[in-house]
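Observations on the three-dimensional arrangement
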Amino acid sequence: MFDSAAQHLPARPGVGYKPQHFKDILENPAPVEWLEIHAENYMGDGGRPLAQLRHLAERFAISVHGVGLSIGGEGGLDEGHLARLKHLCDWLKPASFSEHLAWSSHDDTFLNDLLPLPYTAATVARVADHIDRVQEVLGRRMLLENPSSYLAFQDADLAEVEFLREVATRTGCGLLLDVNNVYVSATNLDFDAEAYLADFPVELVGEVHLGGHFADMDDHGAPLLIDSHGCEVVDPVWQLYAGLIGRAGPLPTLIEWDNDVPDWPVLAAEAARAARILVPAA
Amino acid sequence: MKESAFTQALLDPDLAVPTGLIDAEGRPAGRRFSVYRNNVAGSLIEALEQGFPVLQKLLGETYFKALAGAFLRQHPPKSRLMMFYGAEMPNFLADFPPLANLPYLPDVARLEFALREAYHAADAAPIAAETLAALAPERFMAARLHLAPALRWVASKYPVWSIWQANTSGGAAPQMRPESALVLRPGFDAVPHLLPPQGADVIAALHAGTTVGQALEQAGENFDITALLGLLIQGGAITGLDEDCG
């Protein structure tokens, strides 16, 4: 066992941890004050990944972000995977655990993507049951993240914010608000991102995500934004974020950059941009 | 929505986009669904590229991408741990007729997968070399070794170690001969070593829990146990030993 650095995420900038930045983070972390890891990458039995993580956790608050639990799945949760998550959280004692409003597996096939759900009362009940189970096994409150959407469901009858609020009310979970996802979904499904954020229950938000996307087009020439985490956060997303922080006050804010990962100074500069927005709000 | 129809259509681009999926104006989702198809295939292909860099080098980027696309449709992941995706690659390659003229590829895939498993294996402190050195030879021959969790080996009819070496650090061009590789992880980096002839049999016997003496009997008189022990000790691969009391 070892002592983790913090029991909660500071309302400061964090970044998604990439092993190539290990040395830079230890030597020159500013302005980054906490790190997020993808849970599944640290479910091996040992070796460098766990050794690095242990080292980092002694200095930084860590957020464990699951990408494979399939909380929105039609079937039951994978109890074996849940046990692995518990093992990781018991060992690491992270400051936060979060997962996605999505499904990612069917029967015994894992699809390695965050797949969309129809927002209906039946889906609320299923997702709430699964979150109850996760929180029971992990013995902690989790945060649920809003997805990036590329399409809608004919038989859906709830708005996403309504859906998230209902799930949080039933389960007591918190929310992870990904502002880039809001912008991507708003563009793709033609709704107002400002109105979405104005309606969002900010008192339940335990963490904010910011990331990059790229622009494509659908069959009719309409813009289709794709959440890629492969570039800088765009200005309209920074503006939405500044508005959110202005209303809600400072929140732990993560820069997500998972593909075409840049050198540390580029990532640190994105975190510094978040820091400048967070400071006046403090 | 039915997950099963969605899943089938994700993995098979020849299938129609599932019904009930629409855009903001209520029109069929069309290529919006392709975003998910591309994400799934793209992320799995990338995992295979990262997991089998030498295969990718041997086959070329374009060919490997196509091969990975065929592989993922036949073997979508069964585990949520992408670090272990691709375990079926050796057998897939062995049954892939277009590559039958490159019969060493399955063993190269085995070696690359063994390196990945070793990288993520449990840590284990090696036994001190002095402890082994202090043991009388007859007691050592009667002992059973505990091998590190990271230890792996690949026995091949082909020069699997030389092929790996030539394609990672530019070693000499491989000569056609059988080779076996021993994967050790003394610190955090898994490294394949060339085993002497019969070395894989000795390692397999030791791993199965025979005594050192029994393992050596299988290898014949000329087998150089000193060299193999040196390799195991340097690689931090002996983590303990049991002496037979009965």
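In this convention, every chain numbers its residues from 1, walking through the sequence in written order. All chains are assigned letters beginning with A, and all ligands numbers beginning with 1, in the order in which they are written. Selection of residues for local features in this predicted model requires a pLDDT of at least 70, selection of side-chain atom pairs for listing and counting requires 80 or more, and totals for whole chains, interfaces and linings are taken over all residues. Excluded from the side-chain calculation are hydrogens and water; included are all heavy atoms of the structure.

Secondary structure elements follow DSSP: runs of H or I no shorter than four residues count as helices, runs of E no shorter than two count as strands, and numbering proceeds from the N terminus. Across its full length, chain A carries 9 helices and 13 strands. In terms of overall dimensions, chain A is globule-like: its C-alpha atoms have a radius of gyration of 18 Å, near the 19 Å expected for 282 residues. Its C-alpha atoms give chain A principal-axis dimensions of roughly 50 × 40 × 35 Å. Scored against the burial criterion, the 282 residues of chain A give a buried share of 57%. Restricting to contacts in chain A with at least 6 residues of sequence separation, those with at least 24 account for 79%. With residues, only the protein chains shown are counted as cover, and all accessible areas are computed by Shrake-Rupley using a 1.4 Å probe. Summing over all exposed atoms, chain A offers an accessible surface of approximately 10,600 Å²; the carbon and sulfur share of this is 50%. Of the side-chain charges in chain A, 18 are positive and 43 negative, and the distance between the mean point of each set is 10 Å. Here the globule rule reads 2.2 Å times residues to the power 0.38, and the radius of gyration is calculated from C-alpha atoms. Note on classification: 1.4 Å probe, protein chains only; a residue is buried when its accessible area is under 20% of the maximum for its type, exposed when over 50%, partly exposed between these limits. By the convention used here, residues are in contact when the closest approach between their heavy atoms is within 4.5 Å. Counted as positive: Lys and Arg. Counted as negative: Asp and Glu, with His and the chain ends omitted from the count. Charged groups are reduced to one reference atom each: NZ for lysine, CZ for arginine, CG for aspartic acid, CD for glutamic acid.

Turning next to the sheet that holds strand 3 (residues 152-156) of chain B. Residue and element names in this part refer to chain B. Paired strands, in this sense, are two strands between which DSSP finds at least two bridges. The sheet built from 3 strands is open, its strands ordered 3-4-5 with antiparallel pairing. The outermost strands of the open sheet, each flanked by one partner alone, are strand 3 and strand 5 (191-195). The sheet shows a mean angle of 25 degrees between the axes of neighbouring strands, taken without regard to direction. As paired elements, strand 3 and strand 4 (residues 179-184) share 5 bridges and run antiparallel to each other. Throughout, an axis means a line fitted to C-alpha atoms (over the contacting stretch in the case of helices), and angles, computed between N-to-C directions, take values from 0 to 180 degrees.

For the rest of this paragraph, the subject is the pattern of salt bridges. Residues and elements named next belong to chain B. Between Lys or Arg on one side and Asp or Glu on the other, a salt bridge is scored when a side-chain nitrogen of the former is within 4 Å of a carboxyl oxygen of the latter. Across all of its chains, the model carries 23 salt bridges over all chains by this definition. One salt bridge connects Glu25 with Arg27, and the closest N-O pair in it is separated by 3.7 Å. For Arg27, a relative accessible area of 27% puts it in the partly exposed group.

To continue, consider the interface of chain B and chain A. Contact with chain B, which involves 42 residues of that partner, is made by 56 residues of chain A. Considering only the surface of chain B that becomes buried against chain A, Glu3(B), Arg32(B) and Arg80(B) emerge as the three largest contributors, covering 22% of it. Connecting chain B to chain A are 5 salt bridges. As a salt-bridge pair, Asp108(A) and Lys78(B) come within 3.3 Å of each other at their nearest N and O atoms. Pairs of N or O atoms within 3.5 Å make up the polar contacts considered here, provided that, within protein, one atom can donate a hydrogen while the other can accept it, and that residues adjacent in sequence are counted only when both atoms are side-chain atoms. Where chain B touches chain A, the interface holds 25 residue pairs in polar contact (both at pLDDT 80 or more). If you list the elements that add at least two residues to the side of chain B that touches chain A, you get helix 1 (3-11), strand 1 (21-22), helix 2 (32-51) and helix 6 (105-120) of chain B. All amino acids are sorted into three groups, where Ala, Val, Leu, Ile, Met, Phe, Trp, Tyr, Cys and Pro are nonpolar, Asp, Glu, Lys and Arg are charged, and the leftover types, Gly among them, are polar. Grouping the constituent residues of the side of chain B that touches chain A by class yields 22 nonpolar, 8 polar and 12 charged. Sheet topology places strand 8 (residues 152-153) of chain A next to strand 1 of chain B; 2 bridges connect them, and they run antiparallel. Across the sheet, Ala152(A) pairs through a bridge with Ile22(B), a residue of strand 1 of chain B. When two parts are put together, the accessible area they lose, computed with a 1.4 Å probe and summed over both, is reported as buried area.

Cis geometry marks the peptide bond from Ala30(A) to Pro31(A); its omega dihedral reads 5 degrees. We note that Asp260(A) has phi near 45 degrees; this positive angle belongs to a residue other than glycine. One can find Asp260(A) in the loop between strand 13 (253-256) and helix 9 (264-281). Residue Asp260(A) is classed as exposed on the basis of its relative accessible area, which comes to 68%. In this structure, Gln198(B) takes a positive phi of about 70 degrees despite not being glycine. Relative to the elements of secondary structure, Gln198(B) occurs in the loop between strand 5 and helix 10 (199-208).

For the rest of this paragraph, the subject is the packing of helix 6 (residues 179-189) of chain A against helix 8 (residues 235-248) of chain A. Residues and elements named next belong to chain A. One can describe the packing of helix 6 onto helix 8 by two numbers: an axis separation of 9 Å at closest approach and a directional angle of 120 degrees. Taken as axis vectors, helix 6 and helix 8 run oblique relative to one another. When you trace helix 6 past helix 8, the crossing you get is right-handed. Contacts between helix 6 and helix 8 involve Val179, Asn180 and Tyr183 on the former and, on the latter, Pro236, Val237, Leu240, Tyr241 and Leu244. Each angle gets one of four labels, with under 35 degrees taken as roughly parallel, over 145 as roughly antiparallel, 65 to 115 as roughly perpendicular, and the rest as oblique. Definitions for this section: a left-handed crossing has its near helix turned counterclockwise from the far helix by less than a right angle. A right-handed crossing has that turn clockwise.

Another point: the packing of aromatic side chains. Centres within 6.5 Å are what make two rings of Phe, Tyr or Trp a pair, Trp counting through its six-membered ring; a difference in plane orientation under 30 degrees is then read as stacked, over 60 as edge-to-face, and the rest as tilted. Tallying each qualifying case throughout the model produces 11 aromatic pairs over all chains. Considering the side-chain rings of Tyr196(A) and Phe200(A), the 5.8 Å spacing of their centres and the 25 degrees angle between planes classify their relative orientation as stacked. Ring geometry for Phe71(B) and Phe92(B): centres 5.2 Å apart, planes at 90 degrees, overall edge-to-face. With Phe71(B) in helix 4 (residues 61-74) and Phe92(B) in helix 5 (residues 89-94), this residue pair connects regions lying 21 residues apart in the sequence.

What follows concerns the sheet that holds strand 2 (residues 34-38) of chain A. Residues and elements named next belong to chain A. If you walk around this closed barrel you meet the 8 strands as 1-2-3-4-7-9-10-13, and the pairing is parallel. On average, each strand axis in the sheet is tilted by 30 degrees relative to the strand beside it, whichever way the strands run. Bridge count for strand 1 (residues 13-16) against strand 13 is 3 bridges, and the pairing is parallel. Each residue of the ladder has a partner; that of Gly14, found in strand 13, is Leu254. Sitting on the sheet, helix 3 (residues 79-92) touches strand 2, strand 3 (61-65) and strand 4 (96-100), and the angle it makes with strand 3 is about 175 degrees. Across the sheet, helix 8 touches strand 9 (174-178), strand 10 (205-211) and strand 13, and the angle it forms with strand 10 is around 160 degrees.

In this document the domain limits rely on a domain assignment from an automatic tool or a database. In terms of domains, chain B is made up of domain 1 (1-102) and domain 2 (122-246). Taking only C-alpha atoms into account, the centre of domain 1 of chain B sits 37 Å from that of domain 2 of chain B.

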